[in-house]
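Each chain, letter by letter, is given below.
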Protein chains: 2
Amino acid sequence: MSDKIIAIDAMGGDNAPVEIVKGAVKASKTVKYGLALVGRQDIINSELAKYSYEKDKITVVNADEVIENCETPTEAIKHKKNSSMVVGLNMVKEGRAVAFVSAGNTGALLTGATIIVGRIKGVKRPALGTMLPSEKNRVLMMDSGANVDAKAEYLVQYAQMGSVYFENVLGKENPTVGLINIGTEREKGNAMVKEAYGLLEEAKGINFAGNVEARDITLGNVDIVVCDAFVGNVILKVMEGLGKTVLRLLKKELMSGLRTKIGALFAKPAFVNIKKNFFEYDDIGGAPFLGLKGLVVKAHGSSDEGAVAGAIKQCEKFIDGDIVNKIAERL
Amino acid sequence: MSDKIIAIDAMGGDNAPVEIVKGAVKASKTVKYGLALVGRQDIINSELAKYSYEKDKITVVNADEVIENCETPTEAIKHKKNSSMVVGLNMVKEGRAVAFVSAGNTGALLTGATIIVGRIKGVKRPALGTMLPSEKNRVLMMDSGANVDAKAEYLVQYAQMGSVYFENVLGKENPTVGLINIGTEREKGNAMVKEAYGLLEEAKGINFAGNVEARDITLGNVDIVVCDAFVGNVILKVMEGLGKTVLRLLKKELMSGLRTKIGALFAKPAFVNIKKNFFEYDDIGGAPFLGLKGLVVKAHGSSDEGAVAGAIKQCEKFIDGDIVNKIAERL
């Protein structure tokens with residue numbers, strides 16, 4: 001077995017610990033690294049007992065406390081030293097794990113990661129990178145959740161870190177970077193975005209492709225889009241909300257009469273494909289928090305078995321792509 | 001015929017003048033006010049000659065110049081005094097029209113409206129109000145395009161102006177107002193939004209319902225949502241882009257095999273209904289620019305006959321609801 005360990009927050013997320021443990025078991029069958037489930041030992045062990053898996057691929061690390069979603073990030077990290085989150089982050093800091101995955105309280109994870117694991121020298125603000133669906137390949141959005149009051153210079157680093165990710169994890173040389181804006185012309189935008197445009201044009205090591213309007217993200221014409229975390233969060237959430245709303249309306253309409261019910265039956269494979277390929281994407285379940293001295297990956301709060309396994313598998317790619325060191329070299 | 005005239009920019013928008021003239025003719029059959037098409041007289045007259053309509057309901061006001069979409073707003077308004085946009089705005093200013101509708105250059109329209117028609121005393125910044133689709137009733141979003149560097153105090157006025165609109169145009173007493181944010185908890189958000197939360201709690205004349213996450217807008221649980229125009233633009237554009245992308249993917253999937261083709265045929269009424277009721281909404285084609293001393297309405301740049309007619313019909317409601325005076329009384 002590899003001596004490299006991916007630590008997993010067994011207690012974080014809406015479906016913890018059941019789906020987290022299930023996801024880890026699933027991932028253990030394909031991921032080459034060892035997995036450590038962090039949390040209440042007795043609970044994790046009784047969950048693990050339900051499944052068959054290679055015993056030496058999954059270990060359990062006890063942590064008695066749990067950080068809840070409603071807790072204030074800084075307070076929670078400071079006071080719950082024996083929470084699954086703090087214990088997991090310390091494993092990364094101390095080199096006992098090469099990565100930590102959590103579906104728990106986002107604010108606490110980002111705060112804890114920055115305090116405990118720490119920033120790479122030169123990185124102004126670590127940022128959360130989320131893969132968005134598009135009509136072509138996935139698009140990496142930076143920052144999707146960390147810094148809601150971003151400065152123009154942060155966005156330049158997001159572009160650089162995102163480029164390292166694309167080159168080393170996805171194997172695409174010279175990926176294009178777009179600046180999320182309200183128009184394609186260079187003079188568009190608010191004060192921060194206008195300043196960022198000029199800095200991105202001058203920045204080294206990135207392939208800047210200009211402004212990208214929010215309606216064009218899903219066309220997939222650029223590889224990476226950069227924005228502040230307020231805007232990034234709004235983009236993610238509108239996509240999530242609109243997707244769910246349209247799905248509900250479609251179901252209602254299709255079930256409203258015999259003709260459309262028959263149609264739904266025949267058209268089902270099309271709906272399944274779109275749902276699977278566009279709206280769900282377990283293969284890329286985790287969002288890396290880039291710019292830290294170690295690897296920390298956020299899984300969606302509502303992650304199920306598949307999404308957890310996807311986030312763990314993502315970690316393998318990040319480790320093999322050596323992105324932490326590659327970012328340190330670039331910045 | 002009514003002595004009240006709605007002026008329409010016949011030269012503005014991707015489909016001008018053909019669809020604009022067609023839309024005006026359509027609207028003239030139901031709207032009780034007179035319509036004035038502003039632009040190149042010869043062109044408008046030759047378009048009008050194609051249709052039958054009540055001659056005394058549509059007049060033509062000549063304006064030789066046209067403001068193009070690529071022009072810088074302030075420059076265009078300053079130098080093209082005889083453009084359809086400037087002439088139309090002057091008609092509102094001088095009381096020769098009670099409203100002006102344009103599908104032209106948004107920046108130029110907002111700048112021109114602010115300079116020529118002018119702000120209501122006490123209004124810090126006029127804002128563009130756009131109706132968004134939801135699973136319940138339409139949701140009014142303020143600001144969807146005017147001020148990309150907004151201050152917290154502007155958002156309070158957006159909430160107040162939006163409430164006046166809801167009460168007097170849509171007839172709903174005490175409409176609820178949500179603040180677009182990245183979480184529902186009051187401590188969430190960037191600096192501007194956090195400040196706005198406190199101000200909205202204290203503000204008079206509004207029914208503040210707290211934060212609304214972007215994914216919940218389409219649930220339709222609040223009547224009005226407020227945000228800065230950068231965020232508002234991103235919300236509108238993500239909805240537009242994601243809608244189009246999903247539609248394209250659905251078509252492709254449905255056409256990929258015989259079974260799904262049959263399904264598509266039977267399910268068609270469901271798709272038509274969703275497209276008509278959720279993604280297209282000609283009945284509310286125009287976005288009012290609220291906070292001005294007169295009525296200025298922005299129609300989408302790609303407006304066709306139906307959307308133009310919808311925007312004109314909206315004007316009738318704004319006039320009958322007396323919203324300009326009602327806003328002046330409230331602020």
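Residues numbered from 1 in each chain as written. Chains lettered and ligands numbered in written order. Predicted model: local features only at pLDDT ≥ 70, side-chain atom pairs only at ≥ 80, totals over all residues. Heavy atoms only, no water.

Overview of the relation of the copies chain B and chain A
What counts here: Residues reaching a pLDDT of at least 70 in both copies supply the C-alpha atoms on which the copies are superposed by least squares.
Rotating chain B by 180° about the axis while translating it 0.0 Å along that axis superimposes it on chain A, leaving an RMSD of 0.0 Å. Such a turn and shift between the copies fits a two-fold axis. When C-alpha distances to the rotation axis are compared across chain B, the minimum falls at glycine 263 of chain B, with a value of 2.0 Å.

Comments concerning the sheet that holds strand E7 (residues 176-181) of chain B
Residues and elements named next belong to chain B. Basically, it comes down to this: A strand pair is defined by DSSP finding two or more bridges across the two strands. Numbering of helices and strands runs from the N terminus; a helix is a DSSP stretch of H or I covering at least four residues, while a strand is a stretch of E covering at least two. For helices, the fitted line uses only the C-alpha atoms of the stretch in contact; every axis is such a line through C-alpha atoms, and the angle between N-to-C directions lies from 0 to 180 degrees. Note on definitions: a residue-residue contact is assigned when non-hydrogen atoms from the two residues lie within 4.5 Å.
Here we have 11 strands laid out as an open sheet, ordered E3-E2-E1-E4-E11-E10-E5-E6-E9-E7-E8, and mixed in their pairing. Only two strands of the sheet have a single partner each, and these edge strands are strand E3 (58-62) and strand E8 (207-213). The sheet shows a mean angle of 30° between the axes of neighbouring strands, taken without regard to direction. With three bridges joining them, strand E10 (residues 286-290) and strand E11 (residues 295-299) adopt antiparallel strand pairing. Pairing of alanine 287 across the sheet is with lysine 298, part of E11. Helix H5 (residues 106-117) rests against strand E4 (99-102), strand E5 (127-132), E10 and E11 of the sheet, and its axis sits at about 180° to E11.

With respect to the pairing of strand E6 (residues 139-142) of chain B
All names here are of chain B. Convention followed: For every residue, the accessible area (1.4 Å probe, protein chains only) is compared with the maximum for its type, and the residue is labelled buried under 20%, exposed over 50%, or partly exposed between those bounds.
Every second residue of E6 is oriented toward a common face, with Val139 and Met141 on one face and Leu140 and Met142 on the other, all of them buried. Taken together, the four bridges between E5 and E6 define a ladder with antiparallel strand orientation. Bridged to threonine 130 within E6 is methionine 141. Hairpin connection of E5 to E6: six residues between the antiparallel strands. As paired elements, E6 and strand E9 (residues 224-226) share three bridges and run parallel to each other. Within E9, the position partnered with methionine 141 by the bridge is valine 225.

Considerations on the packing of aromatic side chains
Put simply, the rule is: A pair of aromatic rings is counted whenever rings of Phe, Tyr or Trp (Trp by its six-membered ring) have centres within 6.5 Å, and the orientation is called stacked for planes under 30 degrees apart, edge-to-face for over 60 and tilted otherwise.
As enumerated under the stated definition, the model contains five aromatic pairs over all chains in all. Centroid distance tyrosine 197 of chain A to phenylalanine 208 of chain A: 5.2 Å. Interplanar angle 80°. Geometry classified as edge-to-face. Taken together, the residues tyrosine 197 of chain A in helix H7 (residues 191-202) and phenylalanine 208 of chain A in strand E8 (residues 207-213) connect sequence positions 11 residues apart. On the basis of relative accessibility, which here comes to 11%, the residue tyrosine 197 of chain A falls in the buried class. Where phenylalanine 271 of chain A meets phenylalanine 271 of chain B, the ring centres are 6.3 Å apart and the plane angle is 75°; that geometry is what we call edge-to-face. On the criterion of chain membership, the pair formed by phenylalanine 271 of chain A in helix H9 (residues 258-279) and phenylalanine 271 of chain B in helix H9 (residues 258-279) is interchain, its members lying in two chains.

Remarks on unusual backbone geometry
Residues and elements named next belong to chain B. Cis geometry is found at the peptide bond from alanine 16 to proline 17, where omega equals -5°. Its place among the elements puts proline 17 in the loop between strand E1 (5-9) and helix H1 (18-28). For the bond running from methionine 142 to aspartate 143, omega is 15°, close enough to zero to count as cis. Mapped onto the elements, aspartate 143 comes out in the loop between E6 and helix H6 (152-169). The backbone of asparagine 174 shows a phi angle near 55°, a positive value even though the residue is not glycine. For asparagine 174, the location among the structural elements is in the loop between H6 and E7. In this structure, aspartate 322 takes a positive phi of about 55° despite not being glycine. A residue is classified by how much of its surface remains accessible, and aspartate 322, at 31% relative accessible area, is partly exposed.

Some remarks on the nonpolar core
Across soluble globular proteins, nonpolar side chains have a tendency to be buried as a group. Put simply, the test is: Put simply, a nonpolar core is a bunch of buried Ala, Val, Leu, Ile, Met, Phe, Trp, Tyr and Cys residues held in one set by side-chain atoms that sit within 4.5 Å of each other.
Ranked by size, the top nonpolar core spans 189 residues in total, and within it Ile6, Leu37 and Ile235 of chain A together with Ile6, Leu37, Val226 and Ile235 of chain B carry the most contacts. Each residue touching valine 226 of chain B, except ones within four places of it in the same chain, is listed here: Met142, Leu155, Tyr158, Ala159, Val177, Gly178, Leu179, Ile180 and Leu200 of chain B.

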